[in-house]
Amino acid sequence: MLGDRAQRRHPAQPEGLSVWATAQRTGPVQRRGRYVPESVKHPARMLPAIAAHAVHAYTQPGDLVLDPMCGIGTTLVEAIHAGRDAIGVEYEPRWSNIADANITHAHHHGATGRASVVRGDATRLSALLPAALTGQVALVVTSPPYGPTVHGLVRPGEDGVAKFDNAYNDGADRGNLAYRDLTGLADGFEQILRGCAGLLRPGGTVVVTARPWRKHRQLVDLPSAVIAAGVRAGLTPTERCVALLAAVRDGQLVARPSFFQLQAVRKARAGGTPLHLITHEDVLIFRRPAGDPGSPSPHTPEGGVIA
């Protein structure tokens, strides 16, 4: 929260805020009963509330939503629960199988939209997806990988805390985008966004969640790299929002850090680096430029703070 002095220097303008309060409930609570139990094994799951807000804000019922790196299918599940149709692409069979299971689970619980998952490399979208989808996608929601090892799970034991389910394909396939350096990751993500641009209808929207990470104590600025990749792919940046990973209670942020976040912050502070917990993700929003005057008009998003 801003202090009084900071508020005087930079007065708040509520009408200009774009803060998504997407962690009022914890991730496990958001997924409980809505996703199959195996979903927890994915090392970098998007919060369902983030995908749900993007779907409701930027589409209308019956629209088509795409996630080219769909993981366990969070975007797809939230889209079909909202009466949209969805298609996902996933590189690893393990996660695409779970995404299929989550789609089936959603239909058993009343989801009315249709969804499917295509297995393959998202940098080759035009070769993977039917040509009939060109110009039909209203919204893309996705997130690039945050390096080869991310959140994961922990299990206490006699020799301390063991970390598991914390790496893509257990490090076996170095062709995975997660194993590239920042330059390689940005280049690969540009290819993905270029493919998405070809599938978007004129005026269609792309929503990318990204956050920086630290490598050897140096900050890796992934959000800026994503913006540059989107511009090179022919998309127009239109908004930069914040999706909270902390709850808002009585005007204060209540952090929901993982074990690994706490451990990293404690180690950094013990070494003299005043590191703080991450309490948000950047939400980077692009549009495909509208073509001729007769192009379909995109749905105007419901901006501002959501509960």
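Residues numbered from 1 in each chain as written. Predicted model: local features only at pLDDT ≥ 70, side-chain atom pairs only at ≥ 80, totals over all residues. Heavy atoms only, no water.

## Brief notes about the overall build of the protein chain
Phase 1 of the analysis: In terms of regular secondary structure, the protein chain is built from nine helices and 14 strands.
Phase 2 of the analysis: Looking at the 307 residues of the protein chain, the share that counts as buried comes to 47%.
Phase 3 of the analysis: A separation threshold of at least 6 residues defines the contact pool for the protein chain, and within that pool the share at least 24 residues apart is 72%.
Phase 4 of the analysis: Just so you have it, the protein chain exposes about 15,100 Å², and 53% of that area is on carbon and sulfur atoms. (Helix = DSSP H or I, 4+ residues; strand = E, 2+ residues; numbered from the N terminus. Buried < 20%, exposed > 50% of the residue type's maximum accessible area, 1.4 Å probe, protein only. Contact = heavy atoms within 4.5 Å. Areas by Shrake-Rupley, 256 points an atom, 1.4 Å probe, with all protein chains shown as cover.)

## Examining helix H5 (residues 93-108)
Phase 1 of the analysis: Between the first and last C-alpha of H5 there are 23 Å, a value that for 16 residues agrees with the 22 Å anticipated at 1.5 Å per step.
Phase 2 of the analysis: Residues of H5 that are buried: Trp 95, Ser 96, Ile 98, Ala 99, Asn 102, Ile 103, His 105 and Ala 106.
Phase 3 of the analysis: Next to the buried residues of H5 lie helix H4 (74-81), strand E3 (85-90) and strand E4 (115-119).
Phase 4 of the analysis: Positioned one or two residues after H5, Gly 110 has a phi angle of 95°, which is positive. (Expected span 1.5 Å × (residues − 1).)

## Points about the pattern of salt bridges
Phase 1 of the analysis: Scanning the entire structure with this criterion turns up eight salt bridges.
Phase 2 of the analysis: In this structure, Asp 85 and Arg 114 form a salt bridge, with 2.8 Å as the shortest nitrogen-oxygen distance. Of this pair, Asp 85 sits in strand E3 while Arg 114 sits in the loop between H5 and E4, and the two are 29 residues apart along the sequence.
Phase 3 of the analysis: Look at Arg 114 and you get exposed, because its relative accessible area is 60%.
Phase 4 of the analysis: With its nearest N and O atoms 3.6 Å apart, the salt bridge here joins Glu 281 to Arg 211. Of the two residues, Glu 281 is situated in strand E14 (residues 280-287) and Arg 211 in the loop between strand E8 (200-210) and strand E9 (213-215); the sequence distance between them amounts to 70 residues.
Phase 5 of the analysis: If you follow the salt bridges from partner to partner, you end up with Glu 190, Arg 194 and Arg 232 in one network. (Salt bridge = Lys/Arg side-chain N within 4 Å of Asp/Glu carboxyl O.)

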